[in-house]
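Here's the letter readout for the chains.
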Amino acid sequence: MSVDLVIKNGTIIDGSGGASYRADVAVDDGRIAAIGRFTGKSQQTIDADGLVVSPGFVDGHTHMDAQVFWDPIGSCSCYHGVTSVVMGNCGFTLAPCKQEDADLVFRNLERAEDLSRDAMLQGIDWTWETFPEFLDAVDNLPKGINYAGYIGHSALRTYVMGEKAFTEEATDDEVTAMQNIVRQAMHAGAIGFSTSRTRNHETADNRPVASRLANWQEVRAIVNAVGETGKGIFELAGETPGRDQERLRDYHCRLRDLAVESGVTQTWGLFSPRAVPDYWNSYTDLLDETAAAGGRMFAQVHSRGLNNLLTFESNLPFDSWEHWEKFRTLSLEEQMNQLNDPVIKAKLIEVASREYTGPRIIGAELRPPDWDYIYPMDDMAYDKPSMAQLADRKGVNPVELMIDMALEKDLKMIFRSPIANEDMNEVLKLIKHPRSVVTFSDSGAHVSQIMDSSLQTHLLSYWVREKEALTLEDAIRQITYNTATLWGLHDRGLVRRGMAADLVIFDPDTVGPDMPEVVHDLPSGARRLKQTATGIKHTIVNGSVLLTDNEYTGATPGKLLRS
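Residues numbered from 1 in each chain as written. Predicted model: local features only at pLDDT ≥ 70, side-chain atom pairs only at ≥ 80, totals over all residues. Heavy atoms only, no water.

**Regarding the overall build of the protein chain**
In terms of regular secondary structure, the protein chain is built from 17 helices and 24 strands. The globule rule puts the C-alpha radius of gyration for 563 residues at 24 Å, and the 24 Å found for the protein chain is close to it. Once the C-alpha set of the protein chain is aligned to its principal axes, its extents read approximately 75 × 60 × 45 Å. Across the 563 residues in the protein chain, those meeting the buried criterion constitute 60%. (Helix = DSSP H or I, 4+ residues; strand = E, 2+ residues; numbered from the N terminus. Rg over C-alpha atoms; globule rule 2.2 N^0.38 Å. Buried < 20%, exposed > 50% of the residue type's maximum accessible area, 1.4 Å probe, protein only.)

**Remarks on the packing of helix α4 (residues 153-161) against helix α6 (residues 216-228)**
At a closest axis distance of 13 Å, the pairing of α4 and α6 adopts a crossing angle of 100 degrees. As far as their axial angle goes, α6 and α4 are roughly perpendicular. Of the residues in α6, those in contact with H153, L156 and R157 of α4 are E218, V219 and I222. The residue makeup of the contact of α4 with α6, split by class, is three nonpolar, one polar and two charged. (Axes fitted to C-alpha atoms, helices over the stretch in contact; angles between N-to-C directions. Parallel < 35°, antiparallel > 145°, perpendicular 65-115°, else oblique. Contact = heavy atoms within 4.5 Å. Nonpolar A, V, L, I, M, F, W, Y, C, P; charged D, E, K, R; others polar.)

**Regarding the pattern of salt bridges**
Applying the stated criterion across every chain, the model contains 38 salt bridges. The salt bridge involving D404 is made with K345; its shortest N-O contact spans 2.6 Å. Remark: K345 occurs in helix α11 (residues 342-352) and D404 occurs in helix α13 (residues 398-408); sequence separation between them is 59 residues. Residue D521 pairs with R528 through a salt bridge whose shortest N-O separation is 2.8 Å. Judged by relative accessible area, D521 falls into the partly exposed class, the value being 40%. Bridged by salt links that share partners, the residues R31, D491, R492 and D502 form one connected network. (Salt bridge = Lys/Arg side-chain N within 4 Å of Asp/Glu carboxyl O.)

**Quick look at the pairing of strand β1 (residues 2-12)**
In terms of strand pairing, β1 meets strand β4 (residues 41-47) through six bridges, oriented parallel. Looking at β4, one finds that L5 is bridged to Q44. As paired strands, β1 and strand β2 (residues 21-28) are joined by six bridges and run antiparallel to one another. Pairing of I7 across the sheet is with V25, part of β2. Examined bridge by bridge, β1 and strand β5 (residues 52-55) share two bridges and lie parallel to one another. Along β5, the bridge assignment pairs I12 with V53. (Pairing = 2+ DSSP bridges.)

**Focus: the nonpolar core**
If you look at the biggest cluster of nonpolar residues, it comprises 113 residues, and the most contacted ones within it are L94, F134, W268 and F506. Top contributing element to this core by residue count: helix α5 (residues 172-188), with seven residues. Grouped together as the second largest cluster of nonpolar side chains are 28 residues, F318, W321, I349 and M413 included. (Core = buried A, V, L, I, M, F, W, Y, C linked by side-chain atoms within 4.5 Å.)

**Things to note about the sheet that holds strand β9 (residues 192-196)**
The strand order across the open sheet formed by eight strands is β6-β7-β8-β9-β10-β11-β12-β16, and the pairing between neighbours is parallel. Edge positions in the sheet fall to β6 (57-59) and β16 (436-438), since each has one partner strand and no second. Each neighbouring strand pair of the sheet contributes to a mean axis angle of 25 degrees, computed without reference to strand direction. Pairing between β6 and strand β7 (residues 82-87): three bridges, direction parallel. Residue pairing across strands places D59 opposite V85, the latter belonging to β7. Those strands touched by helix α7 (residues 245-262) are β10 (233-237), β11 (265-269) and β12 (297-301), and its axis lies near 145 degrees from that of β11.

**With respect to the packing of aromatic side chains**
As enumerated under the stated definition, the model contains 18 aromatic pairs in all. Taking the centre distance of 5.2 Å and the plane angle of 75 degrees together, the rings of W128 and F134 count as edge-to-face. Ring plane angle 90 degrees and centroid distance 5.1 Å describe the contact between F271 and F440, whose orientation is recorded as edge-to-face. Of this pair, F271 sits in the loop between β11 and α8 (279-293) while F440 sits in the loop between β16 and α15 (455-466), and the two are 169 residues apart along the sequence. Neither F271 nor F440 differs from the other in exposure class; each is buried. (Phe/Tyr/Trp six-rings, centres within 6.5 Å; stacked < 30°, edge-to-face > 60°.)

**A short note on the pairing of strand β22 (residues 536-541)**
Each regular strand carries side chains that alternate between the two faces of the sheet. Most of β22 is tucked away: five of the six residues are buried. As defined by bridge partners, strand β17 (residues 503-506) adjoins β22 across four bridges and the pair is classed as antiparallel. Its bridge partner lying in β22, F506 is registered against I536. The antiparallel pairing of β22 with strand β23 (residues 544-548) creates a hairpin that spans two residues between the two strands, and N542 there sits at a positive phi of about 50 degrees.

**As for the sheet that holds strand β13 (residues 307-310)**
Spatially, three strands are ordered β13-β15-β14 in an open sheet, and the strand pairing comes out antiparallel. Bordering the open sheet on either side are β13 and β14 (375-377), each of which pairs with just one other strand. Neighbour to neighbour, the strand axes of the sheet diverge by 35 degrees on average, direction disregarded. Note that β14 and strand β15 (residues 414-418) share three bridges and pair antiparallel. Considered in β15, the bridge of Y375 is made with R416.

Set out below in structure tokens:
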């Protein structure tokens, strides 16, 4: 027997949660051809002695809809063992949309997902109008990893309603049109339908994104149309009832009833904010309640804090404040020079130390600094004293300490500021919940603010190796079989004969995220955060080696994954 690739002597963790074992894996024509002791011939052999061989990781929550057109490898997800992603979350997609109306969808993406309009204009070759045409365009692109995509509510509304989508509820005829388009998209291979109802999502001109203007009956009608096709996922960025228990219960009942009546699997992100420490309990109760009622629903959870990354190279909490606003327009070198002037430095410290009285910006955008929850990132160790604690030990102001630490690294120092999931004990409870799945990287979005493409390697390095809170088998199942199965990617997520040969070969003793860095490699030179990983030797997609030690091989084996 001759095959394309053999991985010899590896420790197989197959994604099922079962115990590891040593074996060879033979790959032919993009699929796993044999597992065991292989003695045949192969065109390529990889020695995985001392390394783990697992299924490729599957990320169910990304926003790579624009990035896929200019980035052939799917960074930064690909650096962290991810071989398949689901894009088009939260209602934000590039289709359906005519090219001349592209600004309608850019408007939804630009602020809510921190995507540069100039980058999208320069980086996208627009060849579609309908959602099936968009899928065909993605299908025809050279790709490093695999992509599946939702049809998004905001794009759908603007396609049907035009400018009215940002100001009005839909008429019955418009809802019917949306239902028909969604059915067409599902039959063409959309992974499902997504929407946003959260007040965190606004356009660049401070209006609600289009999907937020939809009443619940519109959402219900569209999801039921998805249900008629017998497949698909309904994903939403949910409503924010806050502490109002009556509103919260009404919202939960609507979610439960829609999951039951439509038959469509429903999913949403779930975090544990420190301001409401027991917030997530009612949502996990809802998962069980929905299952008991006959619906299917699961939560997407993270492996750590949902962190804004703060740096002089990108964003700081006080960029728009008095004195800082002008100062931050200077080059990095000019900022360093001014910070070495004691008078200028003292004024900046004084302004940034004032009690903030302006509007509180929520979501992934920057918020006023709470130094008790801002942490230095001079390396990838996660559990560190806060800037408030460090400043207290040194007897200095936290702002002054931030400036001094940044100056020591030529203003390239990074600080992390979690906006949710501050308590790691709560994070672990969410990870271990039987109706949760570890995903939600937001890759492709918030590119200058967050870097959560590494949530999978953080799971392996922090929760498995450092904390020993999960076995490696359990952690791998979370990011392979669980994610692949819940999104209906049934030929992925397991190391089994006949399955797609999406595989990751890594060293369990060293695997983990590298330090993030700020780069300007987007179309138009727009900036983003980039992060690679340590310990991943090879990433294999559909039987071809995509990356070796973070180096791209030039292969484009990725596929469009249709439902």
